[in-house]
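Chain residues, written in single-letter form:
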Amino acid sequence: MDKTTISTNTASQNDVREQLYKDMAPHHLTPLWRELHALVPQQPNTPCVAAHWKYEQIRPYLMRAGEVITAEEAVRRVLILENPALKGQSAITQALYAGLQLIMPSEIAPNHRHTQSALRFIVEGSGAFTAVNGERTTMRPGDFIITPSMTWHDHGSDASEPVVWLDGLDIPLIRYLDAGFAENASEKSQTVTRPEGTSFAQFGYNMAPVRTYDSPLGQTSPIFSYPYDKSREALHILETTQPIDAWDGVKLRYINPLTGGAPMPTMATFMQRIPAGFEGLPYRQTDGAIFSVVEGSGSVQIEHKGEKVQFDFSPRDHFVIPSWHTARFSSTSGCVLFSYSDRPVHQALGIHKEERLNHVE
Ligand code: 1HN
């Protein structure tokens, strides 16, 4: 139908159209021309909003959860970080899930497995462990740990203090694809078959077992734990010897050593140092990113469709920068940030986009 026809359309034409829509509806038909704008927006139009969870404000609820339910009874004692604009969806972005999990001394979170990939980023306390495929990994603050898709995993604690970590999973994405399977094990804790550190010795030293060309875990990294002391050391060396990126400060991505790609097929992870006195330039990217503050304090200004928010963050805080929201970081005294996003999915589809602005608006 051309423009002339539309501009001259009459009340009776409208009636005819409305009648058509009504008549076709029982046949599960709907006219594209009424949906087209929303279906193909000119730029990403996420319903998600930027949000900040201050650790000092939410920790009391986590500890209260520790008093009212055991890890075993809960299966996973987690408070979900839910995007305020996605209530009831257990999602922090459209594609990703985030939660804070608590394990108390000598508790067990029972063995199970599922399609959804998971990452753990240790926020508070040392001495809990997670077991993946028969190998335990001790958790220390700042460590980044992987539970690959469909691998058996349970958590336990030999610690004398509460241990809290950030869980990042691709739950909403797998739900969207209707592709999730899950299974509980008959034993609460899996049998340990390999000493701690085995997978790191095999794959964590820029070497790999001689005949390993294909990853034993498909696209997922065979390294279960990326210890913080190594990531922190790398950032420190680069901060003190190399030029600082005007947008990111010093930012490294974690890699699957067998592919050079992201450690998981659906989630990329990053560790970043914002140097003292840094005033970052603004950027935006299509992947929505979730941040966990490791050390120090700073601010992030986030702007979207003319609305601005600023989050002043401290250690153990969490915040989310949704898709295509413009963000810039600053810090007076310096800070270290862990983050994860759905970037590998965007890249696999060839649709990842990032824009780095050269001036502050
Ligand atoms: C899960 O398996 C864990 O293993 C944490 O610690 C959070 C959220 C939804 C589904 C499975 C875990 C989870 C989860």
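About the criteria used
Residues numbered from 1 in each chain as written. Predicted model: local features only at pLDDT ≥ 70, side-chain atom pairs only at ≥ 80, totals over all residues. Heavy atoms only, no water. Pairing = 2+ DSSP bridges. Helix = DSSP H or I, 4+ residues; strand = E, 2+ residues; numbered from the N terminus. Axes fitted to C-alpha atoms, helices over the stretch in contact; angles between N-to-C directions. Near = heavy atom within 4 Å. Polar contact = N/O pair within 3.5 Å; in protein donor to acceptor, adjacent residues only side chain to side chain. Areas by Shrake-Rupley, 256 points an atom, 1.4 Å probe, with all protein chains shown as cover. Nonpolar A, V, L, I, M, F, W, Y, C, P; charged D, E, K, R; others polar. Core = buried A, V, L, I, M, F, W, Y, C linked by side-chain atoms within 4.5 Å. Buried < 20%, exposed > 50% of the residue type's maximum accessible area, 1.4 Å probe, protein only. Salt bridge = Lys/Arg side-chain N within 4 Å of Asp/Glu carboxyl O. Phe/Tyr/Trp six-rings, centres within 6.5 Å; stacked < 30°, edge-to-face > 60°. Lys NZ or Arg CZ within 6 Å of the ring centre and 35° of its normal.

Caption draft 1: Here's a closer look at the sheet that holds strand β9 (residues 153-157). The 5 strands are arranged β7-β6-β9-β4-β11 in an open sheet whose pairing can be described as antiparallel. Two strands bound the open sheet, and with one partner strand each, they are β7 (135-138) and β11 (182-184). Sheet twist, expressed as the average angle between the axes of neighbouring strands with direction ignored, equals 25°.

Caption draft 2: How the structure looks around the site of the ligand. As a matter of local geometry, the ligand sits amid Arg 76, Tyr 97, Gln 101, His 112, His 114, Arg 120, His 153, His 155, Asp 167, Leu 169 and Ile 171. Contacts to the ligand include Arg 76, whose side-chain N or O atom sits 2.7 Å from an oxygen atom. Contacts to the ligand include His 153, whose side-chain N or O atom sits 2.9 Å from an oxygen atom. Contact with the protein chains hides 83% of the accessible area of the ligand, taken as 320 Å² for the molecule alone. Mapped by element, the contributors of at least two residues to the shell around the ligand are β3 (97-103), β4 (108-114), β9 and β10 (163-169). Grouping the constituent residues of the shell around the ligand by class yields 3 nonpolar, 5 polar and 3 charged.

Caption draft 3: Representation of the nonpolar core in the model. Grouped together as the largest cluster of nonpolar side chains are 37 residues, with contacts concentrated most on Leu 100, Phe 144, Met 271, Phe 338 and Tyr 340. When residues of this core are assigned to their parent elements, the largest contribution, 4 residues, is made by helix α4 (residues 55-68). Listed in part, the 19 residues of the second largest apolar core include Leu 281, Phe 319, Ala 327 and Phe 329.

Caption draft 4: Expanded view of unusual backbone geometry. Located in the positive-phi region is Asp 178, a residue other than glycine, with phi close to 50°. Mapping Asp 178 onto the fold places it in the loop between α6 (171-177) and β11. Of note, the phi angle at Lys 305 is positive, near 50°, even though the residue is not glycine. Mapped onto the elements, Lys 305 comes out in the loop between β18 (298-304) and β19 (307-313). Owing to a relative accessible area of 63%, Lys 305 belongs among the exposed residues under this scheme.

Caption draft 5: Expanded view of the pattern of salt bridges. What the rule picks out here adds up to 14 salt bridges. A salt bridge links Arg 356 to Asp 248; the nearest nitrogen and oxygen atoms lie 3.0 Å apart. Of this pair, Arg 356 sits in strand β23 (residues 354-356) while Asp 248 sits in the loop between α8 (228-241) and β13 (250-253), and the two are 108 residues apart along the sequence. Judged by its relative accessible area of 30%, Arg 356 falls in the partly exposed class. Assessed through its relative accessible area of 15%, Asp 248 is described here as buried.

Caption draft 6: Broad picture of the packing of aromatic side chains. A full pass over the atoms with the stated rule returns 14 aromatic pairs. Between Phe 291 and Phe 319 the ring centres are 4.8 Å apart and the planes differ by 5°, which places this aromatic pair in the stacked class. You can see Phe 291 sitting in strand β17 (residues 289-296) and its partner Phe 319 sitting in strand β20 (residues 318-321), a full 28 residues away along the chain. For Phe 291, a relative accessible area of 1% corresponds to the buried category. Judged by relative accessible area, which is 0%, Phe 319 ranks as buried. When the ring of Phe 291 is compared with that of Phe 329, the centres are 5.5 Å apart and the planes differ by 55°; the resulting orientation is tilted. In this pair, Phe 291 is assigned in strand β17 and Phe 329 in strand β21 (residues 326-331), connecting sequence segments 38 residues apart. Linked through ring pairs, Phe 121, Phe 144, Tyr 226, Tyr 254 and Phe 338 together constitute an aromatic cluster. The residue whose ring lies beneath Lys 251 is Phe 270, and the NZ or CZ to ring-centre distance is 4.8 Å.

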